Amino acid sequence: MTTATKSTPAVSMLKQYIGGKWVDGSSSREIISTNPADSRQILAKLKGADKNDVLKAIDAAQKAFPAWKATTPPARGRILMKAALLLRERKEELARLMTREQGKILPEALGEMEKGITLIEWFAGEGLRLGGITQPSELSKNLLYTLRQPLGVVSIITPWNFPFAIPAWKIAPALISGNCVIFKPASLVPAMAVELVRIFEEAGLPAGVLNLVLGAGSAMGDILVEEPRIKAVSFTGSNEIGKRVHTIGGARGIKVTCEMGGKNPAVVWDDADLELALGGVMKGAFGSTGQRCTATSRLILHEAIAEKFLKMLLVETAKIKVGDGLDKTVTMGPAVDESQLKTDLEYIEIGKKEGAKLLCGGKRLTAGGFAHGWFVEPTIFDSVDPKSRLWQEEVFGPVLAVARVSHFEKAVALANDSPFGLTCAFYSQDLTLAMRFTEEVEAGMVHLNSPTIGGEAQVPFGGVKGSGVGEREMAKEGMHFFTEQKTVFLDYTGRRRASNLY
Ligand code: UN1
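Since the model is a prediction, treat every value here as computed from it, not as a measurement.

About the cut-offs
Residues numbered from 1 in each chain as written. Predicted model: local features only at pLDDT ≥ 70, side-chain atom pairs only at ≥ 80, totals over all residues. Heavy atoms only, no water. Salt bridge = Lys/Arg side-chain N within 4 Å of Asp/Glu carboxyl O. Helix = DSSP H or I, 4+ residues; strand = E, 2+ residues; numbered from the N terminus. Buried < 20%, exposed > 50% of the residue type's maximum accessible area, 1.4 Å probe, protein only. Domains from an automatic or database assignment. Contact = heavy atoms within 4.5 Å. Buried area = accessible area lost by both parts, 1.4 Å probe. Near = heavy atom within 4 Å. Polar contact = N/O pair within 3.5 Å; in protein donor to acceptor, adjacent residues only side chain to side chain. Areas by Shrake-Rupley, 256 points an atom, 1.4 Å probe, with all protein chains shown as cover. Nonpolar A, V, L, I, M, F, W, Y, C, P; charged D, E, K, R; others polar. 1 Å grid on protein atoms, 1.4 Å probe; cavity = no way out; pocket = protein on both sides within 12 Å on 5 of 7 lines; lining within 4 Å. Points joined across faces, edges and corners; volume = space filled by probe spheres on them. Expected span 1.5 Å × (residues − 1). Bend = angle between axes of the 7 residues up to and from the residue. Pairing = 2+ DSSP bridges.

Caption draft 1: Quick peek at the pattern of salt bridges. All chains considered together, the criterion is met by 26 salt bridges. We note a salt bridge from Lys 91 to Glu 114, for which the minimum N-O separation is 2.7 Å. Taken together, the residues span a long stretch of sequence, with Lys 91 in helix α3 (residues 91-102) and Glu 114 in helix α4 (residues 106-126) at a distance of 23 residues. We classify Glu 114 as partly exposed; its relative accessible area is 27%. Of the charged contacts in the structure, one is a salt bridge between Arg 436 and Glu 409, with a shortest N-O distance of 3.0 Å. Here Arg 436, found in helix α15 (residues 431-440), pairs with Glu 409, found in helix α14 (residues 408-416); they are 27 residues apart in sequence, far enough to count as distant. Taken together, the salt bridges that share partners define one network made up of Arg 88, Lys 91, Glu 114 and Glu 121.

Below, the structure written as structure tokens:
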């Protein structure tokens, strides 16, 4: 467990979890987890896993599958519920670890813990509802019904930006449905992944049902999709890797769901409650340092309120205090690592070269307390050309691109002029316009008078176009992805059948 004081953090030595045992990975490559607010602070180290470890994990999962499949769904649900209870007890401590490992500010980390726990609770309840349907048959004395059965061994590949909630929303439905899991989290956040798996272990999950392989994607990414015993892959991450996962999985004919990038627009109309829109845009653009696929990265303003709204936005943005997420006064944490920081800064340069007007921010922060962290200023560009890279490409940082429009059709066209289609927001008091926007926008999720971010356990989550492929996540759809349906035709006419038929 990682318990560290601020000045002398203890370094946790982590392990892989394979077949119910904590073991060293076989790769010569070491995984090192550092604090993005101060990269001198090493939180955890471990020997990375490679292909051989994945194969061992698949062996263990395959072995555990028959007994886990035979465990009744309500009994599986009780293990998940126990995990949720244990997580609640340790919520604060794990949120602090998340802030130190991932960088998001503590209130955001607490929010993510709450969301992940709620998801586990929701799926635990599905243990009592994991049923199919019954329908009348064309034939008398016939019962027509469906069963939902687990797939077998599944791979779950998760990103670094939600190191707890995303694993929770994939692992929980996989387990409650009776599958065995190979869990491969991003190597930037190993400590959070280990804590999550430990909790499932403590909750009583049998050995081999959940296996953790931590290491570089290059060392084992493909095998997690290619291995013949893997029956499904649930992936969240970049578009580039998602497409690769989908191509390999598709060629094998297995189920694949990929939740990928976003370039989500928020439209603020001339009749909008501007204070409400301001809060939503701030949260969407700069919350989690812009590092969420649901972030607001494009702002489309009705020209009648554009000047006023931008003034309000600049005043609010100037109030953001960047820094270490454990500091209570800080409102925006660092980029997760040097590479993400570089990407942010590169896109800022691209924006300038493309002729967009830099309204605020744009720089890395390096003075004083910022010296050893990956800090960047919240940045807003106005007059962004919709054909430009800044408008079209995902940055995954606190960089907001603004454009102005004069009529509704143009706003929808601009919102849709994107390779992505995850989420969007429309701020207006006009119900007719809001409903038209809802119908016409190309996105998997629509927020009316609310920020582009967020999702809830009980409704599907996911996007269209380059944002997602495969079944939606969470809710019943999450259960459907991890199960196979079986349609059963049961004739109970017995010997009387011949005389009874038509
Ligand atoms: C949220 O907005 O609360 O990677 C969730 C992401 C998304 C999750 C966003 N899969 O940012």
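Having seen it, we continue.
Caption draft 2: Broad picture of the domain arrangement of the chain. For the chain, the domain assignment lists domain 1 (9-260 + 467-486) and domain 2 (264-448). Taking the mean C-alpha position of each, domain 1 and domain 2 sit 31 Å from one another. Opposite the 23 residues of domain 1 that make contact, domain 2 presents 26 residues. With both sides pooled, the region where domain 1 packs onto domain 2 buries about 2100 Å², and carbon together with sulfur makes up 60% of that total. Here domain 1 is connected to domain 2 by zero salt bridges.

Caption draft 3: The arrangement of the site of the ligand in detail. As a matter of local geometry, the ligand sits amid 13 residues, with Lys 115, Glu 259, Cys 293, Thr 294 and Gly 454 nearest to it. Between the ligand and Cys 293, the relevant distance is 2.5 Å, taken from an oxygen atom to a main-chain nitrogen or oxygen of the residue. Relative to its unbound accessible surface of 320 Å², the ligand loses 98% to contact with the protein. Of the residues that constitute the shell around the ligand, the class distribution is six nonpolar, four polar and three charged. Both domains that meet at the shell around the ligand, namely domain 1 (9-260 + 467-486) and domain 2 (264-448), each give it at least three residues.

Caption draft 4: Structural context of the side chain of Thr 99. Tracing the chain through its elements places Thr 99 in helix α3. Look at Thr 99 and you get buried, because its relative accessible area is 3%. Residues contacting Thr 99, with those up to four places away along its chain left out, are Lys 104, Ile 105, Leu 106, Ala 109, Gly 325 and Leu 326.

Caption draft 5: Spotlight on empty space enclosed by the protein. Here the structure, examined in full by the defined rule, presents six cavities of 30 Å³ or more. As a volume, the largest cavity reaches approximately 80 Å³. Contributing to the lining of the largest cavity are Lys 115, Asn 161, Phe 162, Ile 166, Trp 169, Glu 259, Arg 292, Cys 293, Thr 294, Gly 454 and Phe 461. Across the lining of the largest cavity, the residue classes break down as five nonpolar, three polar and three charged. When residues are assigned to domains, the lining of the largest cavity turns out to be shared by domain 1 (9-260 + 467-486) and domain 2 (264-448), each giving three or more.

Caption draft 6: Just helix α11 (residues 303-318), in detail. The first and last C-alpha atoms of α11 sit 23 Å apart over 16 residues, in line with the 22 Å expected at 1.5 Å per residue. Helix geometry: α11 is bent most strongly at Phe 309, by close to 25°. Looking at the buried side of α11, the elements it contacts are β13 (264-268), α10 (274-286), β14 (296-302), β15 (357-360), β18 (379-382) and β19 (399-405).

Caption draft 7: Fine view of the pairing of β19. The buried fraction of β19 is high, at six of seven residues. Strand direction decides the pairing type here: β18 and β19, joined by three bridges, are parallel. Bridge assignment links Ile 380 to a residue of β19, and that residue is Leu 400.

Caption draft 8: Representation of the sheet that holds strand β25 (residues 483-491) in the model. Read from one edge to the other, the open sheet built from three strands follows the order β6-β7-β25, with strand pairing classed as antiparallel. The open sheet has two free edges, formed respectively by β6 (134-135) and β25, since each of these has just one partner strand. Bridge count between β6 and strand β7 (residues 142-150): two bridges; the pairing is antiparallel. What sits directly across from Thr 134, in β7, is Tyr 145.

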